[in-house]
Amino acid sequence: AGGGRAALRACGVHNVCRLLSRRAHGFYARDAGVAHRKNLGLLRRIMCQESTKFKNVWTTHSASPIAYERGRIYMDNYQCCITSIAQQPRLIYQKSKCAKSEKIEDALLLECPLGEMLPSPSDYKASLIVLTVQNWLLRLSADSGEVLEKVYLAGSCCKFFRYLSWDTPQEVMIVKSAQNKLPAAARQAGIQQTVLFYLAVFQVLPLSFIGMLEINKKIFGNSVTDVAVSNGILIVMYSMGLVRLYNFKAILEQFMEQPFDLGQEFNWNGQVGVVGKYPFGLPCNIKITDTPPLLFEASSLENAFQIGGYPWHYIITPNKKKHKGVFHICSLKDNALAKNGIQDMKCCSLEPDWIYFHPDMSGRIIHVGPNLIKVLKLKEVKNHADQMEIA
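This structure is a prediction, so every number in the text was calculated from the model and none was measured. (Residues numbered from 1 in each chain as written. Predicted model: local features only at pLDDT ≥ 70, side-chain atom pairs only at ≥ 80, totals over all residues. Heavy atoms only, no water.)

Engineer: So what about the overall build of the chain? Which residues, and what values?
Structural biologist: Scanning the chain from N- to C-terminus turns up six helices and 26 strands. Considering only C-alpha atoms, the chain reaches an extent of 75 × 50 × 45 Å along its principal axes. Taken over 391 residues, the chain has a buried fraction of 40%. Surface exposure of the chain reaches about 23100 Å², of which carbon and sulfur atoms provide 53%. Charge centroids of the chain, computed over 45 positive and 32 negative side chains, lie 8 Å from each other. (Helix = DSSP H or I, 4+ residues; strand = E, 2+ residues; numbered from the N terminus. Buried < 20%, exposed > 50% of the residue type's maximum accessible area, 1.4 Å probe, protein only. Areas by Shrake-Rupley, 256 points an atom, 1.4 Å probe, with all protein chains shown as cover. Lys, Arg positive; Asp, Glu negative; His and termini not counted. Charge placed at Lys NZ, Arg CZ, Asp CG, Glu CD.)

Here is the structure:
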């Protein structure tokens, strides 16, 4: 049997039916990522064989942006949902046209975590978290568009929440405000705006409020242009191309004044209301009173900055316009440039090239140009275990 398997591996299995059968019997389940890789291999074989013919089965047009999430096509500002998995796309639901005040600003798809007991049967099905222009956070059924939960975000502190993102995918979600700007009359009167952004933090499925904090000039500096949160790291970007990283989890723990639950009645700092209900919204219960310890900083053109690979590396573009399109891959530990760590396609095109760490944490790096895709690997230099190279 062992010899047969070796022979099979040596000659390779090219028949799609044989590959599907082997997948069903769990042949690819012994190594992380193998099943996904085999699935992509199957797809490539089916699509690239010369006998395959493609025909247009469906066409649509939309005046507003079209969004796609896991086999679902969303149109008309998420009012219309179409499945793309069926042999021919079909309508899942069509909601009535909403008022401008109910316009959706951003959305995230939630999927049930494995092996966890959840409080409601609806939690076990996929749902869509959406953020409306009037600062409502809604959880909608992905199958019907029905509203399952409603949370009002904007209390007295903030009126313009606009962006949804993951801190930890499918676990911790960040709701970010638009940048706070004073009216022209207030600026002319000499009033200073110190709070730039608000971040509301939620645990999802079941949806629960962790806390809200402000990004203040007095703490992080006057030249802050944007902030983001990813994998427990607070990323603060500055106008001069500087990027600074802070431990977001430590900030939540150190500066939390008082925890609150959704639906809880509160009387705090002169405010009386119910958490997540109109008109009170959410309390700003995380007050950063001192600059948190800096984990790392780097200077990069247009604040372009990524972390990935193992051991950890980062990708930046040197902070000069002449270096646009040039990427440096450096060690997070000591800022050392990896061997062959300068990647430059030297492409002359209106479309700029772009680069990112592959999300499967394999250490691979994908570099995409207008007519070329490079798959790069971060690995140890032979006979130099402390030095890394890009191959």
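Moving on from the model shown.
Engineer: Go over the sheet that holds strand β10 (residues 172–177), please, and point to the residues and values.
Structural biologist: What holds strands together in a sheet is hydrogen bonding between their backbones, with the strands either parallel or antiparallel. The sheet built from four strands is open, its strands ordered β9-β10-β11-β12 with antiparallel pairing. If you trace the sheet from one side to the other, it starts and ends with β9 (161–168) and β12 (208–216), each paired once. The mean inter-strand angle of the sheet, taken between neighbouring strand axes irrespective of direction, is 20 degrees. Here helix α6 (residues 248–255) sits on the sheet and contacts β9, β10, β11 (195–203) and β12; the angle it forms with β12, its principal contact strand, is near 95 degrees. (Pairing = 2+ DSSP bridges. Axes fitted to C-alpha atoms, helices over the stretch in contact; angles between N-to-C directions. Contact = heavy atoms within 4.5 Å.)

Engineer: Before we move on, could you go through the sheet that holds strand β13 (residues 224–230) and cite the residues and values that matter?
Structural biologist: Ordered in space as β13-β14-β15-β18, the four strands form an open sheet in which the pairing is antiparallel. Edge positions in the sheet fall to β13 and β18 (294–299), since each has one partner strand and no second. Between one strand and the next, the sheet's axes are offset by a mean angle of 20 degrees, whatever the strand orientation. With six bridges connecting them, β13 and strand β14 (residues 233–238) associate as antiparallel partners. By the bridge assignment, A228 is partnered in β14 with I235. Contacting β13, β14 and β15 (242–247), α6 runs over the sheet at an angle of about 55 degrees to β15.

Engineer: Which residues make up a positive patch on the surface, and what are the values?
Structural biologist: A contiguous patch of positive charge on the surface is contributed by R37, K38, R44 and R45. Of note, R44 is situated in helix α3 (residues 34–48). (Patch = residues over 30% accessible without salt bridge, like charges linked within 9 Å, V, L, I, M, F, W, Y side chains within 5 Å. Salt bridge = Lys/Arg side-chain N within 4 Å of Asp/Glu carboxyl O.)

Engineer: So what's going on with a nonpolar patch on the surface? Which residues, and what values?
Structural biologist: On the surface, L40, L43, I46, M47 and F54 cluster together into a nonpolar patch covering about 500 Å² of accessible area. With respect to the helices and strands, the residue M47 is situated in helix α3. Assessed through its relative accessible area of 43%, M47 is described here as partly exposed.

Engineer: Give a description of the UniProt feature "transmembrane region" (unreviewed entry) in the chain that names residues and reports values.
Structural biologist: Using the residue numbers shown here, the UniProt feature "transmembrane region" (unreviewed entry) corresponds to residues 195–215 and 227–246. Taken end to end, residues 195–215 comprises 0% helix and 81% strand; its first and last C-alpha atoms sit 6 Å apart. Along residues 227–246 one finds 0% helix and 75% strand; the C-alpha atoms at either end are 11 Å apart. (UniProt positions renumbered as here; feature names shortened; annotations may be inferred.)

Engineer: Let's hear about the packing of aromatic side chains: which residues, and what values?
Structural biologist: Using the criterion set out here, one finds 11 aromatic pairs in the structure. With a centroid separation of 5.5 Å and an interplanar angle of 65 degrees, the aromatic rings of F260 and F266 are classed as edge-to-face. The exposure class assigned to F260 is buried, which follows from its relative accessible area of 1%. For F266, a relative accessible area of 6% translates into the label buried. Here a set of aromatic residues connected by ring pairs shows up, and it is made of W136, Y152 and Y278. Here the basic side chain of K150 rests over the ring of W136, its NZ or CZ set 4.6 Å away from the ring centre. (Phe/Tyr/Trp six-rings, centres within 6.5 Å; stacked < 30°, edge-to-face > 60°. Lys NZ or Arg CZ within 6 Å of the ring centre and 35° of its normal.)

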